[in-house]
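# Reading the structure
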Amino acid sequence: MSTENEGAAVPPAAGPHPAPPAPQHEPAVPPAPEFEPTAGAAPAPQDAPISAPPAQPPATSASGGAGEGAGPGSGTPGAPGSGPGGDTSAGQTASWWTAGGGQPQDGSGGGPWGTAPVPPSGAPGRKPRGLIAAALAAVLVAGGIGGGIGYLAADHDDSDTSTVSAFGNPKSESRAPGSVSNIAGKTLPSVVTIEAQGSDGEGGTGTGFVYDKQGHILTNNHVVASAAERGKLTATFSNGKRYAAQVVGRAEGYDVAVLKLKNAPGAKLNPLPLGNSDKVAVGDATVAIGAPFGLSGTVTTGIVSAKNRPVASSDGGGGNASYMSALQTDASINPGNSGGPLLNADGGVIGINSAIQSAGSGNGLGESQQSGSIGLGFAIPINQAKNVAQQLIKTGQPVYPVIEATVNMKDTGAGATIASNGAGGSPAVVPGGPADKAGLKSGDVITKLDDTVIDSGPTLISEIWTHKPGDKVTLTYKRDGKQSTVDVTLGKRKGDS
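Parameters and conventions
- Residues numbered from 1 in each chain as written.
- Predicted model: local features only at pLDDT ≥ 70, side-chain atom pairs only at ≥ 80, totals over all residues.
- Heavy atoms only, no water.
- Helix = DSSP H or I, 4+ residues; strand = E, 2+ residues; numbered from the N terminus.
- Buried < 20%, exposed > 50% of the residue type's maximum accessible area, 1.4 Å probe, protein only.
- Areas by Shrake-Rupley, 256 points an atom, 1.4 Å probe, with all protein chains shown as cover.
- Contact = heavy atoms within 4.5 Å.
- Core = buried A, V, L, I, M, F, W, Y, C linked by side-chain atoms within 4.5 Å.
- Pairing = 2+ DSSP bridges.
- Axes fitted to C-alpha atoms, helices over the stretch in contact; angles between N-to-C directions.
- Polar contact = N/O pair within 3.5 Å; in protein donor to acceptor, adjacent residues only side chain to side chain.
- Lys, Arg positive; Asp, Glu negative; His and termini not counted.
- Salt bridge = Lys/Arg side-chain N within 4 Å of Asp/Glu carboxyl O.
- Phe/Tyr/Trp six-rings, centres within 6.5 Å; stacked < 30°, edge-to-face > 60°.

Turning to the overall build of the protein chain, a few remarks are in order. Each helix and strand in the protein chain was counted, giving seven helices and 22 strands. Within the protein chain, the fraction of its 497 residues that count as buried is 51%. Of the roughly 21000 Å² of accessible surface on the protein chain, 52% is carried by carbon and sulfur atoms.

Have a look at this one:
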């Protein structure tokens, strides 16, 4: 595997660092027309019994290639626009959004799960590539209320009824700035549920969010990959309005894609403010928003569990692997959260939810069971995603920084070893490339990039891709037992080919 990440996806090596997880997918729902305002489903009466539809049996998952997230998940097709965020107002105060957030409005663009394919309607014999989640049912249980939580008001007139009242908390009801409910209320109107359907009828559900006022939506590549060429894409807002969308550009290596809404001049677009992922600290509070298992507008909370976590994943469709130096969070993330925002305590986007580690069987990456969140979720840092989005909006193609040297992808622990040969027997160190100019040779073991320890090939690629072409980095390497350092000016590669 080359640091240029050319060719087919390469499975990440097993090693002391966590096995690379990967994105997962949700079942597709029927595509929508170019614009179709929809109303949320009317709530059921409190007395009405709620019954669960029969669960569907799980199906065998396809191989995930380079990471667990590649194996598509699945879930119950949700009704976009409904769910926890369905009754949230789209109107927002201007001051909240303009405080250091959002993107330039000059038209330049400025600046979480996957989808498990399911058989199209009427297409017998097609096997889904992941687990088909059983339909979820809400069960309301009326129970007694213990003492000490309210005020017992016994009316001793002619009534035999005693009532229990809970005092309201003025502070919580005010939804103070910085509270989760306050952040969710302002963010939900700018988060969309994305439905992707390929030309073969397969697809799934993921999440995205408003990037700018020109109608660009930021999401994961693996959310839209099945419909990117000749399929159909729709984006549904929390108010139920649904718009057709098209792919502006996508980057397999970064697992980032940019969509644009069609025929949406009247849409009220409030770009989410972007935080600074470089300033994030372990222990910082996080809020994740998405459509796990098709349940649009789901809000979960947690903390930043770790930074700079090397993660390699694949979309499960035979595409190139993606690499990220991820933010790790314990906020509950499940199939369908992919592409949704990971927010900080100020409501700023610090990452794009992209992959999870599952406690499944088989290869240890959860591909067989497609189990849900175990508190190990991974997000693409927003600073990196922003750079990729700007490039995609500008040219439609991603640009990758490279050192033009092929490294072994299976060796772990000691570092990233430059291979003996490149793809097809070509030189492992490209003549005249950045690594060659810096004097690197086959057999050299790269152990650090600047101050970051490198323990494998995927880790090296993840760290290189946090930079831009033209950046100068310092590589520490070992040759014949002797340690040396060298400065390397990163080159560039256009496109995913």
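Still to come is the rest of the account.
Moving on, we get to the environment of Leu327. Looking at where Leu327 falls in the secondary structure, it is placed in strand S12 (residues 322–329). The buried category is assigned to Leu327, whose relative accessible area is 3%. Setting aside anything within four residues of it in sequence, one finds Leu327 in contact with Ser277, Val280, Ala306, Lys307, Ile350, Gly377, Phe378, Ala379 and Pro381.

Counting 57 residues, the largest nonpolar core has Leu218, Val256, Ile382, Ile403, Ile446, Leu460 and Leu475 as the members making the most contacts within it. Ranked by the residues each element gives to this core, the list is headed by helix H5 (residues 382–395), at six residues. Each residue touching Ile382, except ones within four places of it in the same chain, is listed here: Phe209, Leu218, Leu274, Gly275, Ser277, Val349, Ile350, Gly351 and Ile352. With 19 residues, the next largest nonpolar core counts Val224, Leu233, Tyr243 and Leu261 among its residues.

In this section: the sheet that holds strand S13 (residues 341–343). The sheet built from six strands closes into a barrel, its strands ordered S10-S11-S12-S15-S14-S13 with antiparallel pairing. Sheet twist, expressed as the average angle between the axes of neighbouring strands with direction ignored, equals 50 degrees. Two strands pair when backbone bridges link them, and strand S10 (residues 285–290) and strand S11 (residues 298–313) are joined in this way by six bridges, in the antiparallel orientation. Bridging across to S11, Thr286 finds its partner in Gly302.

Where burial is concerned, most of strand S7 (residues 232–236) is hidden: four out of the five residues are buried. Pairing analysis gives five bridges linking strand S4 (residues 191–197) to S7, with the strands arranged antiparallel. Among the inter-strand pairings, Ala196 is bridged to a residue of S7, identified as Leu233. Bridge analysis of S7 against strand S8 (residues 241–251) gives four bridges, and the strand direction is antiparallel. Note on S8: the bridge partner recorded for Thr236 is Arg242.

Right, let's get into the pairing of S11. Inspection of the sheet shows S11 paired to S12 by seven bridges, in the antiparallel sense. Note that in S12 the partner of Pro310 across the bridge is Ser325.

Once that is clear, we can look at the side chain of Thr236. Position of Thr236 relative to the elements: it lies in strand S7. Reaching out from Thr236, the side chain makes a polar contact with the side chain of Arg242 at a distance of 3.4 Å.

A few words now on the environment of Ile393. Tracing the chain through its elements places Ile393 in helix H5. Residue class for Ile393 comes out buried when judged on its relative accessible area of 15%.

Next up on the list: the side chain of Asp496. Within the element layout of this structure, Asp496 appears in the segment after strand S22 (491–494). Buried Asp496, no salt bridge; nearest opposite-charge side chain is Arg493, N-O distance 4.4 Å. Here Tyr400 takes part through its side chain, which lies 2.4 Å from a polar atom of the side chain of Asp496. Sequence-distant contacts of Asp496, defined by excluding residues within four places in its chain, comprise Arg250, Ala251, Glu252, Gly253, Asn320, Pro398 and Tyr400.

Throughout the structure, instances matching the rule amount to two salt bridges. Note that Glu229 and Arg250 form a salt bridge whose closest N and O atoms lie 3.5 Å from each other. With Glu229 in the loop between helix H4 (221–224) and S7 and Arg250 in strand S8, the pair connects residues that are 21 residues apart, well separated along the chain. Residue classification places Glu229 among the exposed positions, given a relative accessible area of 60%.

Take the environment of Leu475 next. One can find Leu475 in strand S20 (residues 472–479). By relative accessible area, which is 1% here, Leu475 ends up buried. Between the C-alpha atoms of Leu475 and Leu449, which are 26 residues apart in sequence, the distance is 4.7 Å. If we ignore the near neighbours within four places in the chain, the residues touching Leu475 are Leu440, Ile446, Lys448, Leu449, Ser484, Thr485, Val486 and Val488.

Looking now at the packing of aromatic side chains. In the structure shown here, the tally under the stated rule is five aromatic pairs. Residues Phe237 and Tyr243 carry aromatic rings whose centres are separated by 5.8 Å and whose planes lie at 90 degrees to one another, so their mutual orientation is edge-to-face. Exposure class is identical for Phe237 and Tyr243. Each is buried. For the ring pair Tyr254 and Tyr400, a centre distance of 4.6 Å and an interplane angle of 15 degrees mean the geometry is stacked. Here Tyr400 lies in strand S16 (residues 399–402) and Tyr254 lies in the loop between S8 and strand S9 (256–261), a separation of 146 residues in the sequence. Feature note: the residues Tyr254, Tyr323, Tyr400 and Trp465 constitute an aromatic cluster, connected by ring pairs.

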